[in-house]
Amino acid sequence: MANKNIAQINNPILSLEDLKIAYDSSKYAVKGINAGIKKENITAIMGPSGCGKSTMLRAINRMHELYPGIRTEGQIKLNGEDILKMDTIAVRRKIGMVFQRPNPFPTMSIYDNVIAGFKLNGVKLKKAEKDEIVERSLLDVALWHEVKDTLHKKGTFLSGGQQQRLCIARALAFKPEVLLLDEPTSALDPIATSKIEDLLVKLKKNYTIVIVTHNMTQAARISDYSMFMYLGELVEYDKTKNMFTNPVDQRTEDYLTGRFG
Amino acid sequence: MSIALDFDNGSLVAKRKLKNSIFKVGMIILSILTVSPIVLIIYELIVKGFRQINIDFFTQNPPDTFEAMMAVSAGEVIPGGILNGLTGTLLMVLMASVIAIPVGIMIGIFLYENPGKIYSNIIRNLTEILQGVPSIVLGLIAYLWVVKPITGGYSALAGSVSLAIMMLPLIVRSTEESMKMIPDTLKEAAYALGVPYHRVVLKVLIPSSFGGLFTGILLAVSRVIGETAPLMLTTLGNPMVNWDITKPTSAMPLLIWEFYNDPNMVDLIWGTSLFLMIFILIINLISKQIAAKKKIN
Ligand SMILES: Nc1ncnc2c1ncn2[C@@H]1O[C@H](COP(=O)(O)OP(=O)(O)OP(=O)(O)O)[C@@H](O)[C@H]1O
Ligand SMILES: [Mg+2]
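Residues numbered from 1 in each chain as written. Chains lettered and ligands numbered in written order. Predicted model: local features only at pLDDT ≥ 70, side-chain atom pairs only at ≥ 80, totals over all residues. Heavy atoms only, no water.

## Details of the nonpolar core
Step number 1: The biggest cluster of nonpolar side chains holds 145 residues, and the ones touching the most others in it are A:Met56, A:Phe105, A:Leu138, A:Ile168, A:Leu200 and A:Tyr237.
Step number 2: Here the element with the most residues in this core is helix α8 (residues 156–180) of chain B; it accounts for 12 residues.
Step number 3: Residues within four places of A:Phe105 in sequence aside, it is in contact with A:Asn113, A:Ala116, A:Leu120, A:Arg170, B:Leu186, B:Ala189, B:Ala190, B:Leu193 and B:Val204. (Core = buried A, V, L, I, M, F, W, Y, C linked by side-chain atoms within 4.5 Å. Buried < 20%, exposed > 50% of the residue type's maximum accessible area, 1.4 Å probe, protein only. Helix = DSSP H or I, 4+ residues; strand = E, 2+ residues; numbered from the N terminus. Contact = heavy atoms within 4.5 Å.)

In C-alpha cells form, the structure reads like this:
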C-alpha cells in the first residue's frame, strides 16, 4: 500500500483494493492494484498495449464479467461499498461506460438512443420526463443544437464524433456517479477529438471521469491525475502535472518520452 | 531472348486465342443449359395454366368430375377453383410458423451464445441431419406423434407439425448466421447500460438482426409451401374449406396430386402449379431484396 510512487487520494469516490484479475488460471492481467479515484476529477490511465488498462477499467463496472472464466480478487469500492458484491445491474447504472468505437443502437432514433438505458430496461417514463432527459443529456455533450431538429432520425446517420457524443449522452442519461471511457477518441479525427476533450473537461464539474488513453498529450491536456500501468501493475500514479514534468519511475519516464510503448 | 521470342510467336498467339474462344463458347452453352429448365418450366406453366386463373380460381372449391368433364368436352374453362387448398395451405403454413419460428430462433440464439461448446456442436450437427431427412419420413413421424395419439385421425395440426420440423433447421441456421453479423460492441453497449440478458436478446439482438431472421423465415416458408409427401400422410385432403385444425384439410400441392389422378382436371393441375410457382418466386424475390438491403447496412 505504501508505495511512494502511488498518490494517496483523500475521500476517494472509488477505491481499488488489491485488485487482481485473471482471464485464465495461468497469469494475471491485472496484478494487485491499489488506487483511489478522486471525485469530480479526470483520471487518465496510460500504458503500453496489453498492460491491462481495459481489463481494469471494465472491472470497475463489471463489464469484464462478460468474458467467461475470468477471475477477480480484491475489492472495488464505490463510496465505500464493494461493487463486486452489488447487483451488476445497479453497478452499471451508477457507473457508465463509453467504448472505443461509437456504438449507437442502429435500430433506434437519436432520441431513443439517449433514453436507451430506460427503454431497454423497461422503465416507463412520461413524455415530458423523456423530453427533459434527452434535452439535458444532449446539452451535456454539446450535441443538442446540432440534432434538435432531427431527433427522430437514426443515430447511425450522425458523423463518428457525433455518434460518440451520443454514446456519452446515453451513458449520462442515468446521471451516473462515475463515467468510464476506454480510448473514446482513438477512432475519431482531431476536431471531433478536441470537441470530446472539451466536453469531458466541462463534465467533470458533475461527474467523476476515468479515461484510458494512448494519447499522452490528451492525458496531459485534460486529466487531473494520471496512472501509468505496465504489465498489469500500477507503476506510478500522481497529479498529471507532476507525472509529466517529473516522473519518478524510469519506466514512466521512458514511456512518456516515447522510448517504448 | 528465346522466352520473349516465344511470346511473340504468331502461331502460338493464334492458338491461345482459339482456346480462349472455345472456352467462352463452352461456358455460354453450359449457362444456357443451366438456365433453360427454369425458363421452360415457367413457359410451360404459363401456357397451360394461364387460362384457369380467374376470380373463381381463388373463390371456389374444385368442381366434381362430372362438371369438369362437361366443361372439357364443351371446350370451356373448367369451373371452380382451389379455395380449399389455398386456405388449407395458409392455415398449415401459419401454424407451422407459429411452432417453428420461436423454437428455431431460440435454438439459433443458444448456438450463437455458446459457439464452441460440445453440446452446441451436437445440436448444430443434428439440425443439419434433420435438414437432410426425406420429407416423407417427417410425415411418418408426424403421423405417429400427432395423427394417432392426438387428433385421432388426419388433421391440419399433424400436417403443420411435419412442416414445422422441416422449417426448423432453416430458421435455426439463419438465426445463428444473422446473430453473428451483429457487432459485439452493440451487445456491450446494452450490457453497459445495465440491461439484463433476456432483454438484450429481445430488445437488441432480435431487432438488430430482424432482416436476416425475416429472410430465413421466408425461405423456410417457401421451402415447405410446396411440400406434398408429408401432407399426404398427415392431413390427407378435404374437398371443402376447413379451418378446424383437428380435421383433414386440403393444401395446394395435395390438390395438384388429386387433379393429376382425374383425367378431366388436367388444366387445373397447370393452373395450381403456376400459382404455387409464382407465389414461391415472389417470396424468394422479397427475401433476396431484404437480404441485399441488409448487406448495404
Ligand atoms: N478476452 C481475453 N481473453 C484472454 N486474455 C485477454 C482477453 N482480453 C485481454 N486479455 C489479455 O489481458 C492482458 C491485458 O489486456 P487489456 O485489453 O486489458 O490491455 P490494454 O492495456 O487495454 O491494451 P490496449 O492498449 O491494446 O487496449 C493482455 O495480455 C491481453 O492479452
Ligand atoms: Mg484496451
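## Considerations on the site of ligand 1
Residue and element names in this part refer to chain A.
Step number 1: Neighbouring ligand 1 are 13 residues; Ser49, Lys53, Ser54, Thr55 and His214 lie closest to it.
Step number 2: A distance of 2.5 Å separates an oxygen atom of ligand 1 from a polar atom in the side chain of Ser49.
Step number 3: Here ligand 1 loses 64% of its free accessible area of 630 Å² to cover by the protein chains.
Step number 4: Here the shell around ligand 1 gets 3 residues from one element, more than from any other, and that element is helix α1 (residues 53–60). (Near = heavy atom within 4 Å. Polar contact = N/O pair within 3.5 Å; in protein donor to acceptor, adjacent residues only side chain to side chain. Areas by Shrake-Rupley, 256 points an atom, 1.4 Å probe, with all protein chains shown as cover.)

## Focus: the pairing of strand β1 (residues 14–22) of chain A
Residues and elements named next belong to chain A.
Step number 1: Alignment of β1 against strand β2 (residues 28–37), held across 7 bridges, turns out to be antiparallel. Counterpart to Leu14 in the pairing with β2 is Ile37.
Step number 2: Counting the residues in the hairpin turn of β1 and β2 gives 5 residues.
Step number 3: Relative to strand β4 (residues 71–78), β1 is paired through 7 bridges, and the arrangement is antiparallel. Counterpart to Lys20 in the pairing with β4 is Glu73. (Pairing = 2+ DSSP bridges.)

## What about the domain arrangement of chain B?
Buried accessible area, meaning the area lost when the parts come together, often serves as the stated size of an interface.
Residue and element names in this part refer to chain B.
Step number 1: Domain parsing of chain B yields domain 1 (2–52) and domain 2 (83–296).
Step number 2: Computed from C-alpha coordinates alone, the two centres of domain 1 and domain 2 are separated by 38 Å.
Step number 3: Between domain 1 and domain 2, the contact holds 10 residues from the first and 8 residues from the second.
Step number 4: Surface buried jointly by domain 1 and domain 2 totals about 800 Å² across both partners, of which 80% is contributed by carbon and sulfur atoms.
Step number 5: The interface formed by domain 1 and domain 2 holds 1 salt bridge in total.
Step number 6: Our enumeration of links across domain 1 and domain 2 arrives at 0 residue pairs in polar contact (both at pLDDT 80 or more).
Step number 7: Across the side of domain 1 that touches domain 2, the residue classes break down as 6 nonpolar, 2 polar and 2 charged. (Domains from an automatic or database assignment. Buried area = accessible area lost by both parts, 1.4 Å probe. Salt bridge = Lys/Arg side-chain N within 4 Å of Asp/Glu carboxyl O. Nonpolar A, V, L, I, M, F, W, Y, C, P; charged D, E, K, R; others polar.)

## Quick look at empty space enclosed by the protein
The rolling of a water-molecule-sized probe over the atoms marks out the regions of remaining empty space.
Residue and element names in this part refer to chain B.
Step number 1: This model, assessed by the stated rule, comprises 2 cavities of 30 Å³ or more.
Step number 2: The volume enclosed by the largest cavity comes to roughly 60 Å³.
Step number 3: Every residue along the wall of the largest cavity is listed here: Leu111, Arg124, Thr127, Glu128, Gln131, Pro169, Val172, Arg173 and Glu176.
Step number 4: Those elements that provide at least two residues to the lining of the largest cavity are α6 (118–132) and α8.
Step number 5: Residue composition of the lining of the largest cavity, by class: 3 nonpolar, 2 polar and 4 charged.
Step number 6: By volume, the second largest cavity is sized at about 40 Å³. (1 Å grid on protein atoms, 1.4 Å probe; cavity = no way out; pocket = protein on both sides within 12 Å on 5 of 7 lines; lining within 4 Å. Points joined across faces, edges and corners; volume = space filled by probe spheres on them.)

## Overview of the packing of aromatic side chains
Step number 1: The final tally for this structure, using the stated rule, is 13 aromatic pairs over all chains.
Step number 2: Note on B:Phe57 and B:Phe58: the rings are 5.2 Å apart at their centroids and 90° apart in plane angle, and the pair reads as edge-to-face.
Step number 3: The exposure class assigned to B:Phe58 is partly exposed, which follows from its relative accessible area of 29%.
Step number 4: Taken together, the aromatic side chains of B:Phe57, B:Phe58, B:Phe275 and B:Phe279 make up a single cluster linked through ring pairs.
Step number 5: A:Lys20 extends its terminal NZ or CZ atom over the ring of A:Tyr28, reaching a point 6.0 Å from the ring centre.
Step number 6: Residue placement shows B:Lys48 over the ring face of B:Trp270; its charged tip is 4.9 Å from the ring centre. (Phe/Tyr/Trp six-rings, centres within 6.5 Å; stacked < 30°, edge-to-face > 60°. Lys NZ or Arg CZ within 6 Å of the ring centre and 35° of its normal.)

## Some words on the layout of surface pockets
All names here are of chain B.
Step number 1: In this model, the second largest pocket occupies a volume close to 440 Å³.
Step number 2: Secondary-structure elements contributing two or more residues to the lining of the second largest pocket are α5 (83–113) and α9 (184–192).
Step number 3: It is α9 that contributes the most residues to the lining of the second largest pocket, 4 residues altogether.
Step number 4: A per-class count over the lining of the second largest pocket returns 7 nonpolar, no polar and 7 charged.

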